Amino acid sequence: MTVGAGGEADERVPYFCSKRWNLAYVGTLGFFFVYSLRVNLSVAIVCMVKDNNSSATYVTNTCFNETAPDDTHDGASFPSMHTLMGRWAPPLERTKLTSFTYAGQHVGNIVTYILSGWLCVDGFDGGWPSIFYVTGGGCLVWVLLWFLVVADSPETHPTISKAEKDFIVRTRGRAEAQKEFNVPWLSMAKSKGLYVCLTAHVCNNWTHYTLLTSLPTFMKEVLKFDITQNGLLSSTPYMAMFFTSLASGQVADFLRSKYLSTTATRRLFQSVAFLGAGSCIVGVGFIGCEDRNYAVALLAIAVGFSGFCFSGYMVNQVDFAPRYAGVLYGITNMVATVPGIVAPMVVGALTPNKSQEEWRNVFYICGGLCLLGTLVFGAFAVGEEEEWAKLAPDTVVEVPGPDKLARSDKQASLSSDKQASDGENGGVTNSVKYSSVKDGHED
């Protein structure tokens, strides 16, 4: 059973065993491997670079730079999934589906940190090379599963039930997935929602990439954990993030259905994410090695707060421009990838002596950007579909499939009748709308 856009229950529509949730399940596994391929180097670099190696800084920077080709391959993953969510996710399941799908990245962080720490010590082929063999091989297996299970849209899925397809199309609105749209670049460039999401994305990614790439180093240099403990403890914050991202998706959609507007919900959850994470990260800088367990706990709370962003800016593009969500996310993600390049370099520049005081400056920057993101997103985020992103009222959406020819014949017949009527009326055209699409149904 599920709930429609108007709140009505529909017993015929499957939920957890539905095709839209199958997309989320496979998508979750996909993001597991996307992040396992990013995180593996963060632990492997600790094994590869020795403290007494004079070229340690050079090797570290070189290795981080060589993650760029990997990011160019997986950089399309988030925009692509945003596009699919715009086609598959009913409005009141949007946050749940999106947050569940993207939760795979946290599991990828958790498992890869733990597994990499163990493989560094006891793995095959010399230890650290086995990290890349395991994560890369698993990714290849996932690709086969993706092509077997996923379709571009409900209308093109070969085994979806009619009840589920009709439910998605009806609640989603106009069948935007079935027509190639010309992207309104000029209107998009003027969109307030775009720049608000861009600011939040950049601020969030700075903190995210700082922790993702440098947390094992902080655990080793300041908190003095060995490599086996390092991998396990570096994964702890992402365990918290996994649960908060899932819980926030459920709570956000509940609030949207009963109490709050989409705009208020997005602003609330993103503000909690930024303020909670920023304050905890700054606090970590004041905890020394003697209280390192408290530092780990505070880091876990900080990253746990970050999980609320999956009910904030991460899904916001699907709110205000569902047809162009993939394009919008691609734009913001392109700019927000810059912190992934710059943040590790800034960490290296600020921590030449590997002291706690130097790391405190790293965390100050994260806290400041979290505050900036709160002010911008909390004040200006939009949750309703913007005018430029809407279809014109008389737009006819072409639906591929067996009924396409029937629709064309019907329109041709209507056109012939109209011409005949015009002739009988002496050339005066009747004002009749012959075809429109509303709520996924043809009138």
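Everything here concerns the structure above.
Below or above, wherever it landed, is the structure these notes cover. (Residues numbered from 1 in each chain as written. Predicted model: local features only at pLDDT ≥ 70, side-chain atom pairs only at ≥ 80, totals over all residues. Heavy atoms only, no water.)

Within the largest apolar cluster, 87 residues are counted, with the highest numbers of intra-cluster contacts made by Phe-218 and Tyr-238. Broken down by element, the residue count for this core peaks at 13 residues, all from helix H1 (residues 19-48). Each residue touching Tyr-238, except ones within four places of it in the same chain, is listed here: His-106, Asn-109, Ile-110, Tyr-113, His-208, Leu-211, Leu-212, Leu-215 and Val-303. (Core = buried A, V, L, I, M, F, W, Y, C linked by side-chain atoms within 4.5 Å. Buried < 20%, exposed > 50% of the residue type's maximum accessible area, 1.4 Å probe, protein only. Helix = DSSP H or I, 4+ residues; strand = E, 2+ residues; numbered from the N terminus. Contact = heavy atoms within 4.5 Å.)

A positive phi angle is found at Lys-354, which is not glycine, with a value near 60 degrees. Here Lys-354 lies in the loop between helix H16 (338-350) and helix H17 (356-380). Under the relative-accessibility criterion, Lys-354 is labelled partly exposed at 38%.

At a minimum axis distance of 12 Å, the contact between helix H10 (residues 192-221) and helix H12 (residues 262-284) shows a crossing angle of 35 degrees. Along this stretch, H10 crosses H12, giving a crossing that reads as left-handed. Residues Ala-200, Cys-203, Asn-204, Thr-207, Leu-211 and Phe-218 of H10 touch H12, and the partners they reach there are Phe-274, Ile-281 and Val-284. (Axes fitted to C-alpha atoms, helices over the stretch in contact; angles between N-to-C directions. Left-handed = near helix turned anticlockwise from the far one by under 90°.)

As for its placement among the helices and strands, His-106 is situated in helix H6 (residues 104-122). The residues contacting His-106, other than those within four sequence positions of it, are Tyr-238, Met-241, Phe-242, Ser-245 and Phe-310.

Here the focus is empty space enclosed by the protein. Scanning the model with the defined rule gives four cavities of 30 Å³ or more in all. Taken as a whole, the largest cavity holds about 200 Å³ of empty space. Considering the residues around the largest cavity, the lining is formed by 21 residues, among which Tyr-35, Gln-105, Asn-204, Asn-205 and His-208 are closest to the centre. Breaking the lining of the largest cavity down by element, the ones donating at least two residues are H1, H10, helix H11 (227-258), helix H13 (292-306), helix H14 (313-320) and helix H15 (325-336). With seven residues, H10 is the single largest residue contributor to the lining of the largest cavity. Here the lining of the largest cavity is composed, by residue class, of twelve nonpolar, eight polar and one charged. (1 Å grid on protein atoms, 1.4 Å probe; cavity = no way out; pocket = protein on both sides within 12 Å on 5 of 7 lines; lining within 4 Å. Points joined across faces, edges and corners; volume = space filled by probe spheres on them. Nonpolar A, V, L, I, M, F, W, Y, C, P; charged D, E, K, R; others polar.)

What follows deals with the packing of aromatic side chains. Inspection of every chain in the model, using the stated rule, returns 24 aromatic pairs. On the numbers, 4.5 Å between centres and 80 degrees between planes, the contact of Tyr-15 with Phe-16 is edge-to-face. Judged by its relative accessible area of 16%, Tyr-15 falls in the buried class. Pairing Tyr-35 with Phe-78 gives two aromatic rings, centres 6.4 Å apart and planes at 90 degrees, and the pair type is edge-to-face. Residue Tyr-35 is located in helix H1, and its partner Phe-78 is located in helix H4 (residues 77-88); the two are separated by 43 residues in the primary sequence. (Phe/Tyr/Trp six-rings, centres within 6.5 Å; stacked < 30°, edge-to-face > 60°.)

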